Structure formats: structure tokens, C-alpha cells
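Survey of secondary and tertiary structure
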Amino acid sequence: MLEVKNIRKQFNEAKILKDVSFQVKDGETLCIIGSSGSGKTTLLRCLNGLETISSGDLFLDGQKYVPDSGRKSPFGMVFQQFYLFPQYTALENITLAMDLKGYPKAESRREAMELLREMGLENKADLYPHQLSGGQQQRVAIARALILKPEILCFDEPTSALDPELTKEVLNVIRQLSQQNRTMIIVTHEIAFARQISDHIIFMDDGKIVEEGTAEEVIGNPQNHRTKDFLNHILS
């Protein structure tokens, strides 16, 4: 479904991504792991057009895709921070994008309420962000990404701002989405979760893909010394 070929990203003289290439099949969950500063977040931002690719190509279903080229983005994004609008209720935060695109309000509200039910938040529709826990806010953010029906759902460290109990809430939602065969790319530091949920894992270091394969190959039996060092550090 998605093919990334030789992506490079450079800020002035700093080379952040260095010839990154991989594929994500329809219905697959790809997890990207690696140390801070390895290029994981920049890669996601390049895919969805928040950063401009310096060189390289993206292909969707065999057709070249240029982010922010005027067509509907195939990517939905869930960030580390929730970025909910404080002046809007949970329901209004979810429907806002559809309202701006001119969808009928009744349709938007119906779909948003269905997503809130899926997130276990149907009784929180009229609450404002400050009235919600961090885990609840992140689940609203996931619903907001889902309402536009993206082909690929991207998560950038979705639990990094949460304590362990709230992390569990959000990971359970992502696990349910994976069981629905949604195509997902997840940048995460939750190694046990990545091992459980992923069809394919990439380990990045210094802007490059150093190792990739199944969870058992990359996490259970890493071959590269950088992968081994990272896993030993994070799991110790």
C-alpha cells in the first residue's frame, strides 16, 4: 500500500533522514523504535506533509504521492501531545475537521458519537478537555484522526505524556484498532507493546534504518550491535 523510497530530510547542514526506504502493506501494523533523535518523528512528519521531503519518493498503491499536493491526505496523525482545542467539547473537537470541510452536521455528530463509543467515551461527549484525563484526551485525539477515514493511521509516541495506568488505556485502544486490520505506523518506546502488536518492526539510528523484520527478529533476536545496545538499555 505504502512504499517509501530513499527518503532524505535535511535542515540546513544537518542530515536528519538518510536514504530511508520501507514498505507498509494494507492492514499491516508497522512499529518504529529507536533512541530520541534517531529521526522517527521527522519521518512521520515527512509522510504526512508536516515537513517537506528533501529528496526521495512516496508511492501509494503504486502511484507516486506528493504530500500536501492538494488531494485528501491518506494519513491520519495522533501526536505525543493531544492538541485538543480547549474551547470545544470532546464531540466538537472530533467533528471540527468535518465541519470545516462542509459535511452535514448531523452526519458528523453521528459518526463522532460512534467513535466516542468505540473509544469508551460516549458519556464524555459534552465535556471539555480540562475535564478529561490525559488518557481520555488522547482517545479523543485518536477519534479525531479516525473521523476523516485515513488510509494509514500514524501515531507519534502516543503514550509518552501519560502515566502507566493511562498508558494502558490508550494502548488497549490501539490494540483494538490493529485487530480491525487498520493500516498503522506507530512510533513507540513501548517495546513489549511493539513486540505484541506489530507485523513489522523498524529500528532507526542516526537517521537510518539499521534493522528491520518481524518482532521476533528485531526484538527477540537482533543482529545489529546498535539494536542490541538500544534494547539492552531500554529493557534493563
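Everything here concerns the structure above.
Scoring rules and cut-offs
Residues numbered from 1 in each chain as written. Predicted model: local features only at pLDDT ≥ 70, side-chain atom pairs only at ≥ 80, totals over all residues. Heavy atoms only, no water. Buried < 20%, exposed > 50% of the residue type's maximum accessible area, 1.4 Å probe, protein only. Helix = DSSP H or I, 4+ residues; strand = E, 2+ residues; numbered from the N terminus. Pairing = 2+ DSSP bridges. Right-handed = clockwise from strand over helix to strand, strands pointing away. Phe/Tyr/Trp six-rings, centres within 6.5 Å; stacked < 30°, edge-to-face > 60°. Contact = heavy atoms within 4.5 Å. Core = buried A, V, L, I, M, F, W, Y, C linked by side-chain atoms within 4.5 Å. Lys, Arg positive; Asp, Glu negative; His and termini not counted. Salt bridge = Lys/Arg side-chain N within 4 Å of Asp/Glu carboxyl O. Axes fitted to C-alpha atoms, helices over the stretch in contact; angles between N-to-C directions.

**Considering the pairing of strand E7 (residues 152-156)**
- The buried count for E7 comes to five of five residues, which makes it a mostly enclosed element.
- Taking every second residue as pointing to the same face, both faces of E7 are buried, with Ile 152, Cys 154 and Asp 156 on one and Leu 153 and Phe 155 on the other.
- Judged from the four bridges that link them, strand E6 (residues 75-78) and E7 form a sheet pairing that is parallel. Bridge assignment links Gly 76 to a residue of E7, and that residue is Leu 153.
- In terms of strand pairing, E7 meets strand E8 (residues 183-187) through five bridges, oriented parallel. Bridge pairing in E8 places Phe 155 opposite Ile 186.
- Traced from E7 through helix H5 (residues 164-179) to E8, the parallel crossover comes out right-handed.

**Some details on the packing of aromatic side chains**
- Overall, the coordinates contain four aromatic pairs when judged by the stated rule.
- Look at Phe 79 and Tyr 83: their rings are 5.5 Å apart centre to centre, the planes differ by 85°, and that puts the pair in the edge-to-face class.
- On the basis of relative accessible area, Phe 79 is assigned to the partly exposed category, the value being 23%.
- Taking 5.2 Å as the distance between ring centres and 40° as the angle between the ring planes, the aromatic pair formed by Phe 203 and Phe 230 counts as tilted. Of this pair, Phe 203 sits in strand E9 (residues 200-205) while Phe 230 sits in helix H8 (residues 225-235), placing them 27 residues apart in sequence. In this pair, the class of Phe 203 matches that of Phe 230, namely buried.

**Description of unusual backbone geometry**
- Here Tyr 83, not a glycine, exhibits a phi torsion of approximately 55°, which is positive.
- Looking at the secondary structure, you find Tyr 83 in the loop between E6 and helix H2 (90-100).
- In this structure, Asn 181 is a non-glycine residue whose phi angle is positive, near 60°.
- Here Asn 181 is to be found in the loop between H5 and E8.
- Since its relative accessible area comes to 57%, Asn 181 is described here as exposed.

**Regarding H2**
- When we look at burial in H2, the residues that qualify are Ala 90, Leu 91, Asn 93, Ile 94, Thr 95, Leu 96 and Met 98.
- Residues of H2 that are buried in the fold lie against helix H3 (105-118) and helix H4 (134-146).
- Backbone geometry just after H2 places Gly 102 at a positive phi near 85°.

**So, the side chain of Arg 139**
- The residue Arg 139 is located in helix H4 in this model.
- Since its relative accessible area comes to 10%, Arg 139 is described here as buried.
- If we ignore the near neighbours within four places in the chain, the residues touching Arg 139 are Met 119, Gly 120, Leu 121, Glu 169 and Val 173.

**Observations concerning the nonpolar core**
- The biggest cluster of nonpolar side chains holds 46 residues, and the ones touching the most others in it are Ile 142, Phe 155, Ile 174, Leu 177 and Ile 201.
- Residue contacts for Leu 177: discarding those within four places in its chain leaves Glu 118, Ile 142, Leu 146, Leu 153, Phe 155, Arg 182 and Met 184.

**Details of the side chain of Glu 28**
- Relative to the helices and strands, Glu 28 resides in the loop between strand E2 (14-24) and strand E3 (29-34).
- No salt bridge is formed by the buried Glu 28; its nearest oppositely charged neighbour, Lys 25, is found at 5.6 Å.
- Every residue in contact with Glu 28, bar those within four places of it in the chain, is listed here: Gln 23, Arg 182, Thr 183, Met 184, Asp 199 and His 200.

**Section: the sheet that holds E9**
- Strand order in the open sheet formed by six strands is E6-E7-E8-E3-E9-E10, with mixed pairing between adjacent strands. Of all the strands in the sheet, the pair left with one neighbour each is E6 and strand E10 (208-213). Here the strands of the sheet are splayed against their neighbours by 20° on average, with no regard to which way each runs.
- Taken together, the five bridges between E9 and E10 define a ladder with antiparallel strand orientation. Paired with Ile 201 across the strands is Gly 213, a residue of E10.

That is the geometry; function is a separate question.
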